[in-house]
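Here is how the chains run, residue by residue.
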Amino acid sequence: MAGAITFHLSRFTFHRKDMSRKYFGTDGVRGRVGEFPITPDFAMRLGYAAGKVLVERTGSEHPAVLIGKDTRVSGYMLEAALEAGFAAAGVDVMLAGPMPTPAVAYLTRALRLAAGVVISASHNPFEDNGIKFFSATGFKLPDEIELQIEAQLELPMGCEPSERLGKARRIDDAAGRYIEFCKSTFPGDLDLRGLKIVVDSAHGAAYHIAGHVFHELGADVINIGNRPNGFNINEQCGATHPATLEQAVLEHGADLGIALDGDADRLLMVGANGVSYNGDQLLYVMACERMLRNHLAGVAGTLMTNLALENFLKANGVAFARAKVGDRYVMELLQEKGWVLGGEGSGHIICLDRHTTGDGLVSALQILIAMRRTEKSLAELTAGLTLYPQKLINVRMTNGFDWKNHTPLQQAQNDAQAQLGQRGRILIRASGTEPLLRVMVEAEDGVQAETLAQKIAATIA
């Protein structure tokens, strides 16, 4: 296939273990700016600790890292602090400025750097920020290296002698390099001429990149959400607020709308009819395209992936497996299975034959490939998948409530599943951040889903 990029996954398979973490979560270090750990002093210490680990692991006197960020005003502060920490550890720093998360992953690999660093809180509001790392291969940092960094953070921060300090410089052509990479994932025998596309960059990291990708492939592009001021990232725009894009597509009579989130690793699309299509529906389109052109061994989803997608794939001989919610877990499942396609309803979609991480722009191009090859609209391409209604109820739990061994809850769940049979499913899970139990019922019949969810929730004292 033109534009195909192959990654040898066996070299980069890392399994998340049950390890105690003090700073790193599933997607780096994240929090409210000004509150620990998203403070300038901690960011400097983190840069120093990561730098010391890189120096030790690479054996290089001056390993180099790339730092990219989204458009939050706090990015300036955190970028400077990280740069100081890396330099103190003897690590050279390349500054890319505002740059999508997947762009940092690509540039780290393309420039043969020791690691990549992204300063972003993704789809969160501007008051939040985070710091996450990519390895030299462009994959998210393995568990064992994160734990080494945490161990180094417990030691006093030092400083290398002047002759061994790291240096910093800016990369002027980072955006252009990434634009060309995105275009390389689109077949050379296709173009986007004749298509009018509205692109919503969420006032985020792709504000100066996204429109160029589609324009240079021939589309007539209307840019919105491309005027960041440091405070408006994700504000009533982008993939988490599709109403703005829906209205713009209808107003401009566009063929398609593309919405990214603040760091451009998440994708939502809007058809010419003004209807939004989520990650499950987009994953369906990609799977259908690959089934037509190549053998598709399997697709990875999450616990929240719509049952309709699972049933469709299995009916067509394609394996399907669920990971925990979160793109990191989808990635781990893909590597475990040796598959290349996976994602979640929120719009994180991973095409491991195209990139080493989820990429909103690359994912959008995969949908456009299907549209061009079939000469069908997005509405037509998704017509074969009718999503099951999902009813989610959050129930507050008392401290110490043992929901896994609560007999009335188990009985209600068993009774509900017996009524649903193969036409629905039940998912009960505890929130990781609040004392809530999340009860989700999915069924062909929305009324039945609502009724059964209410019955299950009512058993929780």
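Residues numbered from 1 in each chain as written. Predicted model: local features only at pLDDT ≥ 70, side-chain atom pairs only at ≥ 80, totals over all residues. Heavy atoms only, no water.

Novice: Any chance you could explain the confidence of the model for the protein chain here in plain terms?
Specialist: Detailed reading of the predicted coordinates is not advisable wherever pLDDT falls low. The share of residues in the protein chain with pLDDT of 70 or more is 95%, and the mean pLDDT across the chain is 93. Throughout residues 1-18 the model reports pLDDT below 50, and contacts reaching past four residues in sequence, or to other chains, amount to 47 contacts. (pLDDT = per-residue confidence, 0-100. Contact = heavy atoms within 4.5 Å.)

Novice: Just to check I follow, could you spell out a nonpolar patch on the surface for this structure?
Specialist: A contiguous nonpolar patch, built from Val73, Tyr76 and Phe231 and spanning about 320 Å² of accessible area, is present on the exposed surface. Residue placement: Tyr76 occurs in helix 2 (residues 74-88). On the basis of relative accessibility, which here comes to 58%, the residue Tyr76 falls in the exposed class. (Patch = residues over 30% accessible without salt bridge, like charges linked within 9 Å, V, L, I, M, F, W, Y side chains within 5 Å. Areas by Shrake-Rupley, 256 points an atom, 1.4 Å probe, with all protein chains shown as cover. Salt bridge = Lys/Arg side-chain N within 4 Å of Asp/Glu carboxyl O. Helix = DSSP H or I, 4+ residues; strand = E, 2+ residues; numbered from the N terminus. Buried < 20%, exposed > 50% of the residue type's maximum accessible area, 1.4 Å probe, protein only.)

Novice: Please explain the sheet that holds strand 10 (residues 267-271) as it appears in this structure.
Specialist: Adjacent strands of a sheet form backbone hydrogen bonds with each other and so pair up, either parallel or antiparallel. The sheet built from five strands is open, its strands ordered 8-7-9-10-11 with mixed pairing. Each having just a single partner strand, strand 8 (220-224) and strand 11 (276-277) make up the two edges of the open sheet. As defined by bridge partners, strand 9 (residues 256-260) adjoins strand 10 across five bridges and the pair is classed as antiparallel. Each bridged residue has a counterpart across the sheet, and for Leu256 the counterpart in strand 10 is Gly271. Seen against the sheet, helix 7 (residues 243-252) touches strand 7 (196-200), strand 8, strand 9, strand 10 and strand 11 and runs at an angle of roughly 155° to strand 7. (Pairing = 2+ DSSP bridges. Axes fitted to C-alpha atoms, helices over the stretch in contact; angles between N-to-C directions.)

Novice: Teacher, can you tell me more about the pattern of salt bridges here?
Specialist: A side chain of one charge can pair with a side chain of the opposite charge when the charged atoms of the two come close. As enumerated under the stated definition, the model contains 27 salt bridges in all. Of the charged contacts, one joins Arg293 and Glu289 as a salt bridge, the two residues approaching to 3.5 Å between their closest N and O atoms. Pair noted here: Arg293 and Glu289 are both in helix 8 (residues 279-293), with a separation of four residues, about one helical turn. Of the residues examined, Arg293 reaches a relative accessible area of 43% and is grouped as partly exposed. For Glu310, the salt bridge identified is with Arg322, shortest N-O distance 2.7 Å. Remark: Arg322 occurs in strand 13 (residues 319-323) and Glu310 occurs in helix 9 (residues 307-315); sequence separation between them is twelve residues. Taking relative accessible area as the criterion, Glu310 reaches 12% and is therefore assigned buried. The partly exposed category is assigned to Arg322, whose relative accessible area is 25%. A single salt-bridge network, built from bridges that share partners, covers Asp27, Arg30, Lys132, Lys140, Asp263 and Asp327.

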